[in-house]
Amino acid sequence: MIAVYPGSFDPVTLGHVDIIGRAAKITNKLVVAVLKNSSKSPMFNVQERVETLREVCLGIRNVEIAAFDGLLVEYARSIGANAIIRGLRAVTDFEYEFQMALSNRMLDDNIETLFISTNAQYSYISSSVVKEIARLGGDFSQMVPKAAHIKLLQKMGSM
């Protein structure tokens, strides 16, 4: 099975890393795909996010990092993926993710969406929360991998 795990990863969190590690165990190849979303203004540009993810996933043999834009289903098809991995933190994530899964299935019923619940210890972590804590000078070191922590501190001018 080839799967794609899409997201903005701005920044990558330990919750993302948890999903990546667990998805890598059940796939032959996992492509972690950073979304180029022109409607958002991310803290990190696409290349910075790709580089951070490459550093974080260095030891996972079947994980590749890429960037994409456009429809996820079209991207999945273009790389030969037959599954989309989506992480769930809480029940509130499910409603949105379920709608997206049904939409993707309508676009291509050969690509399945698989939901993976994050480890409970990461269920409260989101990239938005991490950025807000960082902006306010709080300690977010237990929410992100070391590479992301360093890069976020540099971006905030704290190093």
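Here the structure is a predicted model, which means the values were calculated and not measured.

Notes on the overall build of the chain
Next, step 1: The helix and strand inventory of the chain stands at six helices and five strands.
Next, step 2: Counting helices and strands in the order they occur from the N terminus, the chain gives β-α-β-α-β-α-β-α-β-α-α.
Next, step 3: Relative to the 2.2 N^0.38 estimate, which gives 15 Å for 159 residues, the radius of gyration of the chain is 15 Å and therefore close to what a compact globule would have.
Next, step 4: Across its three principal directions, the C-alpha atoms of the chain cover 45 × 30 × 30 Å.
Next, step 5: In the chain, which comprises 159 residues, the share counted as buried stands at 44%.
Next, step 6: Taking all contacts inside the chain whose residues are at least 6 apart in sequence as the whole, residues at least 24 apart take part in 75%.
Next, step 7: Summed over all atoms, the accessible surface of the chain reaches about 8600 Å², with 52% contributed by carbon and sulfur.

Topic: the pattern of salt bridges
Next, step 1: In this structure the tally under the stated criterion is 10 salt bridges.
Next, step 2: The partner of E55 in a salt bridge is K151, with the nearest N and O atoms 3.6 Å apart. Here K151 lies in helix 6 (residues 146–156) and E55 lies in helix 2 (residues 46–56), a separation of 96 residues in the sequence.
Next, step 3: A residue is classified by how much of its surface remains accessible, and E55, at 46% relative accessible area, is partly exposed.
Next, step 4: Here D93 and R89 are joined by a salt bridge, their closest N and O atoms 3.3 Å apart.

Quick look at the pairing of strand 5 (residues 112–117)
Next, step 1: Two elements, strand 4 (residues 83–88) and strand 5, share six bridges in a ladder whose sense is parallel. Paired with G87 across the bridge in strand 5 is I116.
Next, step 2: Each parallel crossover has a hand, and for strand 4 linked through helix 4 (residues 91–107) to strand 5 it is right-handed.

Brief notes about helix 2
Since the α-helix turns once every 3.6 residues, residues separated by three or four places project in the same direction.
Next, step 1: Three or more residues of helix 2 are buried, namely R49, V50, T52 and L53. Seen along its axis, helix 2 keeps its buried residues to an arc of 165 degrees; they face one direction.
Next, step 2: The inward-facing, buried residues of helix 2 abut helix 1 (14–26), strand 2 (29–35), strand 3 (63–68) and helix 6.
Next, step 3: Between a side-chain oxygen at the N-terminus of helix 2 and the backbone nitrogen of Q47 the separation is 3.0 Å; the capping residue is N45.

Quick look at the packing of helix 2 against helix 6
Next, step 1: Orientation of helix 2 relative to helix 6, taken along the N-to-C sense of each, is 150 degrees, at an axis distance of 9 Å. One finds that helix 2 runs roughly antiparallel with respect to helix 6. Seen from helix 2, the contacting residues are E48, E51, T52, E55 and V56; seen from helix 6, they are A147, A148, K151 and K155.
Next, step 2: Looking at the contact of helix 2 with helix 6, its residues break down into three nonpolar, one polar and five charged.

Quick look at the side chain of T118
Next, step 1: Looking at the element boundaries, T118 is found in the loop between strand 5 and helix 5 (127–135).
Next, step 2: By relative accessible area, which is 13% here, T118 ends up buried.
Next, step 3: Among the polar contacts made by the side chain of T118, one reaches the side chain of D18 at a distance of 3.3 Å.

Structural notes on a nonpolar patch on the surface
Next, step 1: A cluster of nonpolar side chains, L71, M106 and L107, forms an exposed patch at the surface whose accessible area comes to about 320 Å².
Next, step 2: Within the secondary structure, L107 sits in helix 4.

Observations concerning the nonpolar core
Next, step 1: Judged by nonpolar contacts, the single largest core of 31 residues is most densely connected at L30 and V32.
Next, step 2: The set of elements that each furnish at least two residues to this core consists of strand 1 (2–7), helix 1, strand 2, helix 2, strand 3, strand 4, helix 5 and helix 6.
Next, step 3: At four residues, helix 1 tops the list of elements feeding residues into this core.
Next, step 4: When residues no more than four places from it in sequence are discounted, the contact partners of V32 are Y5, F9, I20, L53, V63, E64, I65 and A66.
Next, step 5: Ranked by size, the runner-up nonpolar core spans 12 residues in total, among them V4, F68, A76 and I84.

How each quantity is defined
- Residues numbered from 1 in each chain as written.
- Predicted model: local features only at pLDDT ≥ 70, side-chain atom pairs only at ≥ 80, totals over all residues.
- Heavy atoms only, no water.
- Helix = DSSP H or I, 4+ residues; strand = E, 2+ residues; numbered from the N terminus.
- Rg over C-alpha atoms; globule rule 2.2 N^0.38 Å.
- Buried < 20%, exposed > 50% of the residue type's maximum accessible area, 1.4 Å probe, protein only.
- Contact = heavy atoms within 4.5 Å.
- Areas by Shrake-Rupley, 256 points an atom, 1.4 Å probe, with all protein chains shown as cover.
- Salt bridge = Lys/Arg side-chain N within 4 Å of Asp/Glu carboxyl O.
- Pairing = 2+ DSSP bridges.
- Right-handed = clockwise from strand over helix to strand, strands pointing away.
- Arc of directions from axis to C-beta.
- Polar contact = N/O pair within 3.5 Å; in protein donor to acceptor, adjacent residues only side chain to side chain.
- Axes fitted to C-alpha atoms, helices over the stretch in contact; angles between N-to-C directions.
- Parallel < 35°, antiparallel > 145°, perpendicular 65-115°, else oblique.
- Nonpolar A, V, L, I, M, F, W, Y, C, P; charged D, E, K, R; others polar.
- Patch = residues over 30% accessible without salt bridge, like charges linked within 9 Å, V, L, I, M, F, W, Y side chains within 5 Å.
- Core = buried A, V, L, I, M, F, W, Y, C linked by side-chain atoms within 4.5 Å.

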